[in-house]
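Listed here are the chains, written in short residue letters.
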Amino acid sequence: MLVSASEMLKKAKEGKYAVGQFNINNLEWTKAILLTAQECNSPVILGVSEGAGKYMTGFKTVTAMVKAMVEDLGITVPVALHLDHGSYEGAKKCIEAGFSSVMFDGSHYGIEENIEKTKEIIAIANAKGISVEAEVGSIGGEEDGVVGAGEVADPDECKLIADLGVDMLAAGIGNIHGKYPANWAGLNFEALDKIQQKTGTMPLVLHGGTGIPADMIQKAISLGVSKINVNTECQLSFAEATRKYVEAGKDLEGKGFDPRKLLAPGVEAIKATVKEKMELFGSVNKA
Ligand code: 13P
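Predicted model only: the values in this text are computed from it and were never measured. (Residues numbered from 1 in each chain as written. Predicted model: local features only at pLDDT ≥ 70, side-chain atom pairs only at ≥ 80, totals over all residues. Heavy atoms only, no water.)

## Observations concerning the overall build of the protein chain
Then, in step 1: Helix and strand counts for the protein chain stand at 12 helices and 10 strands.
Then, in step 2: In terms of overall size, the protein chain behaves like a compact globule, its C-alpha atoms giving a radius of gyration of 18 Å where 287 residues would be expected to give roughly 19 Å.
Then, in step 3: Across its three principal directions, the C-alpha atoms of the protein chain cover 60 × 45 × 35 Å.
Then, in step 4: Sequence separation of 24 or more characterises 71% of the internal contacts of the protein chain that already satisfy a separation of 6 or more.
Then, in step 5: Taken as a whole, the protein chain presents about 12600 Å² of accessible surface, with 54% of it coming from carbon and sulfur.
Then, in step 6: Averaged over its 29 positive side-chain charges, the protein chain has a centre that lies 5 Å from the centre of its 38 negative ones. (Helix = DSSP H or I, 4+ residues; strand = E, 2+ residues; numbered from the N terminus. Rg over C-alpha atoms; globule rule 2.2 N^0.38 Å. Contact = heavy atoms within 4.5 Å. Areas by Shrake-Rupley, 256 points an atom, 1.4 Å probe, with all protein chains shown as cover. Lys, Arg positive; Asp, Glu negative; His and termini not counted. Charge placed at Lys NZ, Arg CZ, Asp CG, Glu CD.)

## Observations regarding the pattern of salt bridges
Then, in step 1: Tallying each qualifying case throughout the model produces 12 salt bridges.
Then, in step 2: A salt bridge links Lys 194 to Glu 190; its shortest N-O distance comes to 3.8 Å. Of this pair, Lys 194 and Glu 190 both sit in helix α8 (residues 189-199), separated by 4 residues, roughly a single helical turn.
Then, in step 3: Assessed through its relative accessible area of 45%, Lys 194 is described here as partly exposed.
Then, in step 4: Among the salt bridges present, the one from Glu 247 reaches Arg 243, with a minimum N-O distance of 3.0 Å. Placement of both Glu 247 and Arg 243 in helix α10 (residues 232-247) is noted, with a separation of 4 residues, approximately one turn of the helix.
Then, in step 5: Judged by relative accessible area, which is 56%, Glu 247 ranks as exposed.
Then, in step 6: With a relative accessible area of 39%, Arg 243 lands in the partly exposed category. (Salt bridge = Lys/Arg side-chain N within 4 Å of Asp/Glu carboxyl O. Buried < 20%, exposed > 50% of the residue type's maximum accessible area, 1.4 Å probe, protein only.)

## Topic: the site of the ligand
Then, in step 1: Taken together, 13 residues are adjacent to the ligand, and Asp 84, Gly 178, Gly 208, Thr 210 and Thr 232 come closest.
Then, in step 2: For the ligand, an oxygen atom lies 3.1 Å from a polar atom in the side chain of His 177.
Then, in step 3: In the model, an oxygen atom of the ligand is placed 2.8 Å from a nitrogen or oxygen of the Asn 231 main chain.
Then, in step 4: Among the secondary structure elements, those contributing two or more residues to the shell around the ligand are β3 (79-86) and β10 (225-230).
Then, in step 5: Taken together, the residues of the shell around the ligand break down into 1 nonpolar, 10 polar and 2 charged. (Near = heavy atom within 4 Å. Polar contact = N/O pair within 3.5 Å; in protein donor to acceptor, adjacent residues only side chain to side chain. Nonpolar A, V, L, I, M, F, W, Y, C, P; charged D, E, K, R; others polar.)

## Describing helix α12 (residues 264-281)
Then, in step 1: Its 18 residues place the ends of α12 26 Å apart at the C-alpha level, agreeing with the 26 Å of an ideal helix rising 1.5 Å per residue.
Then, in step 2: Burial in α12 covers these residues: Gly 266, Val 267, Ala 269, Ile 270, Thr 273, Val 274, Lys 277, Met 278 and Phe 281.
Then, in step 3: Against β1 (19-23), α2 (27-40), β2 (44-49), α9 (214-222), β10 and α10 lie the buried residues of α12.
Then, in step 4: Just beyond α12, the residue with positive phi is Gly 282, at close to 80°. (Expected span 1.5 Å × (residues − 1).)

## Focus on the pairing of β3
Then, in step 1: Buried residues dominate β3, accounting for 8 of its 8 residues.
Then, in step 2: Looking at chain direction, β2 and β3 are connected through 6 bridges and run parallel. Residue Gly 47 lies in a different strand from β3, and its bridge partner there is His 82.
Then, in step 3: For the crossover that starts at β3, traverses helix α5 (residues 88-97) and ends in the parallel strand β4 (residues 101-104), the hand is right-handed. (Pairing = 2+ DSSP bridges. Right-handed = clockwise from strand over helix to strand, strands pointing away.)

## Examining the sheet that holds strand β9 (residues 204-206)
Then, in step 1: Taken in spatial order, the 8 strands line up as β1-β2-β3-β4-β5-β8-β9-β10 and close into a barrel, and their pairing is parallel. Shown here is a sheet whose adjacent strand axes are inclined to one another by a mean of 25°, direction ignored.
Then, in step 2: Of the pairings in the sheet, the one linking strand β5 (residues 131-136) to strand β8 (residues 168-171) comprises 4 bridges and is parallel in character. If you follow Glu 133 over to β8, its bridge partner there is Met 168. (Axes fitted to C-alpha atoms, helices over the stretch in contact; angles between N-to-C directions.)

## Considering the packing of aromatic side chains
Then, in step 1: A full pass over the atoms with the stated rule returns 5 aromatic pairs.
Then, in step 2: Each ring, one from Trp 29 and one from Phe 238, has its centre 4.6 Å from the other, and the planes form 45°; the classification is tilted. Of the two residues, Trp 29 is situated in helix α2 and Phe 238 in helix α10; the sequence distance between them amounts to 209 residues. Comparing Trp 29 with Phe 238 shows no difference in burial state: the two are buried.
Then, in step 3: Taking the centre distance of 5.6 Å and the plane angle of 80° together, the rings of Phe 59 and Phe 99 count as edge-to-face. In this pair, Phe 59 is assigned in helix α4 (residues 59-72) and Phe 99 in the loop between α5 and β4, connecting sequence segments 40 residues apart. Of the two residues examined, Phe 59 and Phe 99, each falls in the buried class.
Then, in step 4: Here the aromatic cluster, defined as three or more aromatic residues joined through ring pairs, consists of Tyr 88, Phe 104 and Tyr 109.
Then, in step 5: In this structure, Lys 117 is placed above the aromatic ring of Tyr 88, and the distance from its NZ or CZ to the ring centre is 5.8 Å. (Phe/Tyr/Trp six-rings, centres within 6.5 Å; stacked < 30°, edge-to-face > 60°. Lys NZ or Arg CZ within 6 Å of the ring centre and 35° of its normal.)

## Describing the environment of Lys 92
Then, in step 1: Turning to its location among the elements, Lys 92 is positioned in helix α5.
Then, in step 2: Of the residues examined, Lys 92 reaches a relative accessible area of 29% and is grouped as partly exposed.
Then, in step 3: Considering only alpha carbons, one finds Lys 92 and Lys 128, 36 residues apart in sequence, at a separation of 12 Å.
Then, in step 4: Not counting chain neighbours up to four residues away, the residues in contact with Lys 92 comprise Ile 121 and Ile 124.

Listed below in structure tokens is the structure:
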């Protein structure tokens, strides 16, 4: 059974740890993350971007696959299926399709429009017990072809959005998606502290979890971050493990061309990455 992210994030905020959101792209990815969460006895959020949803043929397919996999694998830790950076229409589609959580990213609208649209999504989602993530201050980098400049969120605007009744709030604090450039200034902890003071018990979300040094992750958690998103790092470890396998020529030997064998090293690499993150985020044995 899928659960909303609300309860697991409340517990994380109180317990001063963070739940990882790991984005999925296919069956192998999903299986690797679910098995690792179970092994680590950790709650987990499976993130689905609109592009990944399309790739997997649609949100209904994704919901059906994840629900069935949770059952068939005997997963007992809390699992939320969450739309990542959803548009207004995308969020509505995922609510219909049976997702247990959605992000409505209205950060590219003016604050009034962001508030109005976020309110509408909250009303529809809450009626079905689905949790909602909103965003203030765009996260930099590229995601699904959309490039954001990355800005630091205004604490007062964060408070306005938090008060609408969202379950979690993504606030830009200098974080970006993908690899961080060599001259990256680091996370803006002063801004995070102000946002946390204004928003109180609201679980805060840190996007762009790939490549943030461990000490910064821990400091962010101590300042109220309760959900951390990781996507690129799983993709990189999957690609690297697959490349090594192919370069070793194993795909051509014996039955090495069998997709189950070909994809196995990548799956193991994702498992290792997810486990490492769950340990760093402090969510192990918090299910
Ligand atoms: P990374 O791809 O940088 O890990 O960021 C993931 C993310 O924030 C998804 O919303």
